[in-house]
Amino acid sequence: MTQKTLLLTGASRGIGHATVKVFQAAGWRVLTVSRSAFDSRCPWHGGATDHFQSDLSDPAARRELTARLRATLDGTGLHAIVNNAGISPKGEGGTRMGVAESSDELWQQVLAVNLVGPAVLMRDLLPELERGRGAVVNVGSIVGSRVHPFAGAAYACSKAALAALTREAAAELGPRGIRVNLVTPGEIDTEILSPGTEDMARIIPLRRLGTPDEVARVVLFLCSEQASYVNAASIDVNGGQHA
């Protein structure tokens, strides 16, 4: 069987890092994108050649990235895109950035990475997705549907808009053989937790934070043939925190 290929943004840590390992264990080739260069300490093969350093907030960098990816794929199909890259700016001491504290530049940067980046990748790599009858998974957040004590206003709005983008793209691209879905993680135990996140375990029915690989396994399911009739869905991965 032909090896399937995934394009993953935001691969350098947390959920992205776990997603690389889960997909590679399932036999996928993983092309990764992040703002930082590939770190040789990352425990996966192919990273040195299949990693692309790019700034998804920069239109020129996005165009260059698309050209490089197309050359790498060399006429073969793309079987999945996982739009995981996201930024959540904090104030001094890690404080929440509300409407009053968020500058024009902050809004533009957050929306460029968290919303426009995913839309552009789907648009620009549409021929490759069609060829591979691919799936797209957008990584949203529980903050897209409720006020959160740590996530700022711009980040929350970008994740709410990402849910709308998922619905729009699923309706538009479904007839072309491309499925588009959303996962919405809650409190996930990563190295960039905001201070106090651990204390939120008491309000989660499972009474613990989630792990990155628990999100990654749901992402793999949505990209697999097991989810062949799942389109425009939003799957919560939050231990019941939304209940």
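Along each chain, the written sequence defines residue order, and numbers are assigned to residues from 1. Local features in a predicted model are, by the rule used here, given only for residues with pLDDT of at least 70; side-chain atom pairs are given and counted only at 80 or more, and totals for whole chains, interfaces and linings are based on all residues. Neither water nor hydrogens contribute to the side-chain values; these are computed over all heavy atoms in the structure.

A.B. asks: Tell me about the overall build of the protein, residues and numbers included.
C.D. replies: Helix and strand counts for the protein stand at seven helices and seven strands. Reading the protein from its N terminus to its C terminus gives the helix and strand order β-α-β-α-β-α-β-α-α-β-α-β-α-β. Since a compact globule built from 243 residues should have a radius of gyration of about 18 Å, the 17 Å found for the protein is in line with a globular shape. Its C-alpha atoms put the protein at 45 × 40 × 40 Å along the principal axes. Every one of the 243 residues in the protein was classed for burial, and the buried ones make up 52%. Neither His nor the chain ends is counted toward charge; the positive residues are Lys and Arg and the negative residues Asp and Glu. Where a charge lies is defined by one atom per residue type, namely NZ (Lys), CZ (Arg), CG (Asp) and CD (Glu). Each charge class in the protein can be summarised by its mean position, and for the 24 positive and 24 negative side chains these summaries are 4 Å apart. Segments assigned H or I by DSSP are reported as helices when at least four residues long, segments assigned E as strands when at least two residues long, and all are numbered from the N terminus. It is over C-alpha atoms that the radius of gyration is taken, and the globule rule equals 2.2 Å times the number of residues to the power 0.38. Note on exposure labels: buried denotes an accessible area under 20% of the residue type's maximum, exposed denotes more than 50%, and partly exposed covers the range between, all computed with a 1.4 Å probe on protein chains only.

A.B. asks: Residues and numbers for the pairing of strand S6 (residues 179-185), please.
C.D. replies: S6 sits mainly inside the fold: seven of its seven residues count as buried. Burial along S6 is two-sided: the face carrying Arg-179, Asn-181, Val-183 and Pro-185 and the face carrying Val-180, Leu-182 and Thr-184 are both buried. Where strand S5 (residues 135-139) and S6 come together, five bridges link them in parallel fashion. Looking across to S6, one finds that Asn-138 is bridged to Leu-182. DSSP bridges decide pairing: two strands pair if at least two such bridges lie between them.

A.B. asks: Give a description of the pattern of salt bridges that names residues and reports values.
C.D. replies: Any Lys or Arg side-chain nitrogen found within 4 Å of a carboxyl oxygen on Asp or Glu counts as a salt bridge. As enumerated under the stated definition, the model contains seven salt bridges in all. For Glu-225, the salt bridge is made with Lys-4, and the minimal N-O distance between the two is 3.9 Å. Taken together, the positions of Glu-225 in the loop between helix H7 (212-223) and strand S7 (234-237) and Lys-4 in the segment before strand S1 (5-9) put the pair 221 residues apart, joining distant regions of the chain.

A.B. asks: Explain the side chain of His-79 to me, using residue names and the numbers behind them.
C.D. replies: On the secondary structure map, His-79 appears in the loop between helix H3 (59-73) and strand S4 (80-83). In protein, a polar contact requires one atom able to donate a hydrogen and another able to accept it; more generally it is a pair of N or O atoms within 3.5 Å, and residues adjacent in sequence count only if both atoms are side-chain atoms. One polar contact links the side chain of His-79 to the main-chain amide nitrogen of Thr-5, over a distance of 3.0 Å. For His-79, the contacting residues outside a window of four places in its chain are Gln-3, Lys-4, Thr-5, Trp-28, Gly-132, Gly-134 and Ala-135. Between two residues, a contact is recorded if the distance between any of their heavy atoms is within 4.5 Å.

A.B. asks: An account of the environment of Ser-145 is requested, with residue identities and associated values reported.
C.D. replies: Turning to its location among the elements, Ser-145 is positioned in the loop between S5 and helix H6 (153-173). The exposed category is assigned to Ser-145, whose relative accessible area is 58%. It is 32 Å that separates the C-alpha atoms of Ser-145 and Pro-127, two residues lying 18 residues apart in sequence.

A.B. asks: How would you explain the packing of aromatic side chains if you had to name every residue and give the values?
C.D. replies: Ring geometry is summarised as follows: Phe, Tyr and Trp rings, the Trp one being its six-membered ring, pair when their centres sit within 6.5 Å, and such pairs are stacked at plane angles under 30 degrees, edge-to-face over 60 and tilted between the two. Under the definition given, this model contains one aromatic pair. Each ring, one from Phe-23 and one from Trp-28, has its centre 5.0 Å from the other, and the planes form 80°; the classification is edge-to-face. Looking at Phe-23, the relative accessible area reads 0%, which means it is buried.

A.B. asks: Just give me the short version of the sheet that holds S4, but keep the residues and values in it.
C.D. replies: Whether parallel or antiparallel, the strands of a sheet pair through hydrogen bonds between backbone atoms. With parallel pairing, the seven strands of this open sheet are ordered in space as S3-S2-S1-S4-S5-S6-S7. Edge positions in the sheet fall to strand S3 (51-53) and S7, since each of these pairs with one other strand and no more. Recorded for the sheet is a direction-independent mean angle of 15° between the axes of neighbouring strands. For helices, the fitted line uses only the C-alpha atoms of the stretch in contact; every axis is such a line through C-alpha atoms, and the angle between N-to-C directions lies from 0 to 180 degrees. With respect to the sheet, helix H1 (residues 14-25) is in contact with S1, strand S2 (29-34) and S6, its orientation differing from that of S1 by roughly 170°.

A.B. asks: So what's going on with the layout of surface pockets? Which residues, and what values?
C.D. replies: In this structure, the second largest pocket encloses a volume near 240 Å³. Here a cavity denotes grid points, spaced 1 Å and computed from the protein atoms alone, that fit a 1.4 Å probe unable to get out, and a pocket denotes an open set having protein on both sides within 12 Å along at least 5 of 7 lines; residues with an atom within 4 Å of a point are the lining. Considering the residues around the second largest pocket, the lining is formed by 16 residues, among which Arg-133, Gly-134, Gly-177, Arg-179 and Glu-225 are closest to the centre. Residues are grouped as follows: Ala, Val, Leu, Ile, Met, Phe, Trp, Tyr, Cys and Pro are nonpolar; Asp, Glu, Lys and Arg are charged; all remaining types, including Gly, are polar. Of the residues in the lining of the second largest pocket, the class split is four nonpolar, eight polar and four charged. Grid points are joined across faces, edges and corners, and a volume is the space filled by probe spheres set on the points.

A.B. asks: Break down H3 for me, with residues and values.
C.D. replies: Expected helix span is taken as 1.5 Å per residue step, with the number of steps being one fewer than the number of residues. The end-to-end C-alpha distance of H3, which contains 15 residues, comes to 21 Å, matching closely the 21 Å that a straight helix rising 1.5 Å per residue would cover. Where H3 is concerned, the buried positions are Ala-61, Arg-62, Leu-65, Thr-66, Leu-69 and Leu-73. The buried residues of H3 occupy an angular sector of 140° when the element is viewed end-on, so they sit on one face. Across H3 from its buried face, at more than 90 degrees, point the exposed residues Arg-63 and Ala-71. In this structure, the buried side of H3 is in contact with S1, S2, S3, helix H4 (104-124) and helix H5 (126-132). Taken from the helix axis, the directions to the C-beta atoms give the arc we talk about.

A.B. asks: Break down unusual backbone geometry for me, citing the residues and quoting the values.
C.D. replies: Positive phi values are uncommon outside glycine, yet Arg-207 reaches one of about 60°. Within the secondary structure, Arg-207 is located in the loop between S6 and H7.

A.B. asks: Provide a residue-level description of the pairing of S4, including the pertinent values.
C.D. replies: The two faces of S4 match: Ala-80 and Val-82 on one face and Ile-81 and Asn-83 on the other face are all buried. Here S1 runs beside S4; their pairing, made up of four bridges, is parallel. Across the sheet, the residue bridging to Leu-8 is Val-82, located in S4. With four bridges joining them, S4 and S5 adopt parallel strand pairing. Each residue of the ladder has a partner; that of Asn-83, found in S5, is Asn-138.

Keep in mind these numbers describe shape, not what the thing actually does.
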